[in-house]
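As a plain string of letters, each chain reads:
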Amino acid sequence: MTLDSDSPKLLGPPATPRQLVTRCENPGHRLVGTGRRGSMVRLLQRCHEADRTGEPMTTSRAGELMRTPEDPQMATFLELFYDLAFVFALTQLSHALIQDLTWSGAFQTLLLLLTLWRVWFNTAWITDRFNPQQPAIQLLVIANLVGTLVIAIALPDAFGSQGLVFAGVFVALFIGTNIFLVTALRGHAPRRTSARILFWYGVAAVPWIAGALSHGTARVALWTLAVALDYAAYALYYPTPRIGRTPPSDLPAMAEHLSERYRQFYIIALGELILVTGLTLRDTAFTPDRTAAFLVTIATTVLLWRIYIYRAGELAAAAIKTAPDPARLAGSTSYAHLVMVAGIVVTAVGDELVITHPFGHTQPAWIAVILGGPALFLAGRAGFEYAVFARVSRDRPIGLVVMAALTPAMLLLPPLLVALAPTAVLAGVAISDATRARAHPAEPPSPPGAPS
C-alpha cells in the first residue's frame, strides 16, 4: 500500500493482523489497504482538523479515552447506576411542585427540570464521546453521580435557603468536568469542544452564583438567564471567540448508545411515577376509593410506557443512523424526551392528588396537573414520532384536542373521575396504534431530510 503526499502519515512500526485502517477523528472517515503476505494492522491516527488547528497528530493515553465506532455501543452498567440518582431527583422535583401548585411554582419547577436535564445529558454526552470502560471516565461519571445527589437533596429548597448549594454544585460539576477533559485531551481535537463548553459555563456561572446570592424574583430572573444561556449555547454549537463553533462530528451521535440512553432515562422517569403512587397509597390506606384511584394511576403508567415504546421508541437508533445530520436529530430527540419526562413529573403530582383525595373537591390547579401531565407526554411523543418518521399520527393531536375540550367539565367532577379522562384518551391512542400495526406493514424510519 502507498500513500501520496496528501495522505496522513502512519504512526508506529508495521505490524501484522488483518486490516490496516487509518482513521481520522471523524469516525466515518477511513482509509483501507493491504499489507505484506495478507498481514495487516489497525492503527488509530488523530488527524481531525489538524492541518487547520495546528494541534499535533499524536497517539497517547489521552487517545484511549475516546470512543470509537468499533467499541460496543450498548449502555454500560455504570450508566444505569448513574441513572438511579435521577429516580430520587425526579421524585424531589414532583414533591417541590406539589408544595407550590401555582404558576410561579410551575415555572420554578420548569427551571429545575431544565437544570437536571442538562446534568443528565452532559453525562450521556461524555459516555457517548468517551470510553466508559476507562477508569478516568468512570471516576468522572461517579463524581457526577455524587453531584447529582447533592443537587437533588437541595432541590426542594433551591429557591430558598439551599440556593447556593444547588447552583454551586451545578456549576462545579460542569466546570470541573470540562477542566478535566481539557487537561486530559491535550493534543487532541475534541479538547477544543470541551474548551468551548468550559467557556460558556464560565459565562453562565455568573448569573447562577449571583442568583444564588439573591432572593425572590431576582433569583428566578438570574437563573432563567443562566438556563437560557446554557440551552442557547448548545443549540448554536457553542460559538466561542477565536475557536469558533463545535463541528457536528464532535456532537454526540452514536446511534445505538444514545437511543438506549434516552430509553433508559424515560424508564427511570416511569420508575419515579411508580414510586410516587406506591408511597402515596402506603401513606394513606387501602380504602375502596383510594385503591380504585391507585389502579387508575397504574393503568395510566402502563399506557405511558406502551405508547412511548411503540415503533418510534424501537426505531430511534435506526433513525439517527439514517439522518442526514445525526447530531441534529439526536438533539431533536433529546428535546422530545425532555417534554415527555416533564409530562411524567406533572403526572406524578396529579397521581398523588388523586390517590390522596379521590372524591375531594377538584381545584383548577389539580385539573391542570391531572390532564396536563398526559397532554405534555402526548406532545413530546408527537415530536419524537416526527423525528423518527417525519410525520405525526393523527391520534396524538386528536388526543390533545379531546383533553382540552374536556377540561371545563372537569370542574364538576371529583379527582378520581377527572383522572379517568386522560386514562381513556391514552387507551384510545394505544388501541389506535395497535390497530394500525395490524392493518399495515412495519414502517421503516424516515427522519426529516432523509432520502425517501
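S.K.: Honestly, the overall build of the protein chain in this entry has me stumped. Any pointers?
M.R.: Each helix and strand in the protein chain was counted, giving 14 helices and 3 strands. Among the 452 residues that make up the protein chain, the fraction classed as buried is 51%. Sequence separation of at least 24 residues holds for 76% of the intrachain contacts in the protein chain that already meet a minimum separation of 6. For the protein chain, the accessible area works out to roughly 20,100 Å², and carbon and sulfur atoms hold 67% of it.

S.K.: Even after reading the chapter, I still don't get the packing of aromatic side chains, so can you show me in this structure?
M.R.: Inspection of the entire model under this criterion finds 25 aromatic pairs. Judged by centre distance (6.1 Å) and plane angle (40 degrees), the rings of W120 and Y262 are tilted. Of this pair, W120 sits in helix α4 (residues 103-129) while Y262 is found in helix α9 (residues 255-283), placing the two residues 142 residues apart along the sequence. Residue W120 shares its accessibility class with Y262, and that shared class is buried. Between Y266 and Y308, the ring centres sit 4.0 Å apart and the planes meet at 15 degrees, which makes this aromatic pair stacked. Remark: Y308 occurs in helix α10 (residues 288-322) and Y266 occurs in helix α9; sequence separation between them is 42 residues. Each member of the pair, Y266 as well as Y308, carries the same accessibility label: buried. Taken together, the ring pairs in this structure connect F159, F166, F170, F174, Y201, W208 and W223 into an aromatic cluster. Lying over the aromatic face of Y231, R118 brings its terminal NZ or CZ to 5.6 Å of the ring centre. Here R391 stacks its cationic end above the ring of F389, 4.7 Å away from the centre of that ring.

S.K.: When you look at the packing of helix α7 (residues 190-212) against helix α8 (residues 216-235) in this model, what are you seeing that I'm missing?
M.R.: Helix-helix packing is characterised by the crossing angle of the two axes and by the distance between the axes. Running from amino to carboxyl end, α7 crosses α8 at an angle of 165 degrees, the nearest separation of the two axes being 7 Å. The angle between the axes of α7 and α8 places the two elements in the roughly antiparallel class. Note that α7 runs across α8; the crossing there is left-handed. Mapping the contact onto sequence places W200, Y201, V203, A204, P207, W208, A210, G211 and A212 in α7 and R219, L222, W223, L225, A226, V227, L229, D230 and A233 in α8. Partitioned by chemical class, the residues of the contact of α7 with α8 number 15 nonpolar, 1 polar and 2 charged.

S.K.: Honestly, the nonpolar core in this entry has me stumped. Any pointers?
M.R.: As a rule of thumb, nonpolar side chains are buried together in soluble globular proteins. Counting 97 residues, the largest nonpolar core has F86, W120, F166, W208 and F377 as its most contacted members. Each residue touching F166, except ones within four places of it in the same chain, is listed here: L112, T115, I151, A154, L155, A158, W208 and W223. Grouped together as the second largest cluster of nonpolar side chains are 20 residues, I98, V346, W366 and L371 included.

Conventions and cut-offs
Residues numbered from 1 in each chain as written. Predicted model: local features only at pLDDT ≥ 70, side-chain atom pairs only at ≥ 80, totals over all residues. Heavy atoms only, no water. Helix = DSSP H or I, 4+ residues; strand = E, 2+ residues; numbered from the N terminus. Buried < 20%, exposed > 50% of the residue type's maximum accessible area, 1.4 Å probe, protein only. Contact = heavy atoms within 4.5 Å. Areas by Shrake-Rupley, 256 points an atom, 1.4 Å probe, with all protein chains shown as cover. Phe/Tyr/Trp six-rings, centres within 6.5 Å; stacked < 30°, edge-to-face > 60°. Lys NZ or Arg CZ within 6 Å of the ring centre and 35° of its normal. Axes fitted to C-alpha atoms, helices over the stretch in contact; angles between N-to-C directions. Parallel < 35°, antiparallel > 145°, perpendicular 65-115°, else oblique. Left-handed = near helix turned anticlockwise from the far one by under 90°. Nonpolar A, V, L, I, M, F, W, Y, C, P; charged D, E, K, R; others polar. Core = buried A, V, L, I, M, F, W, Y, C linked by side-chain atoms within 4.5 Å.

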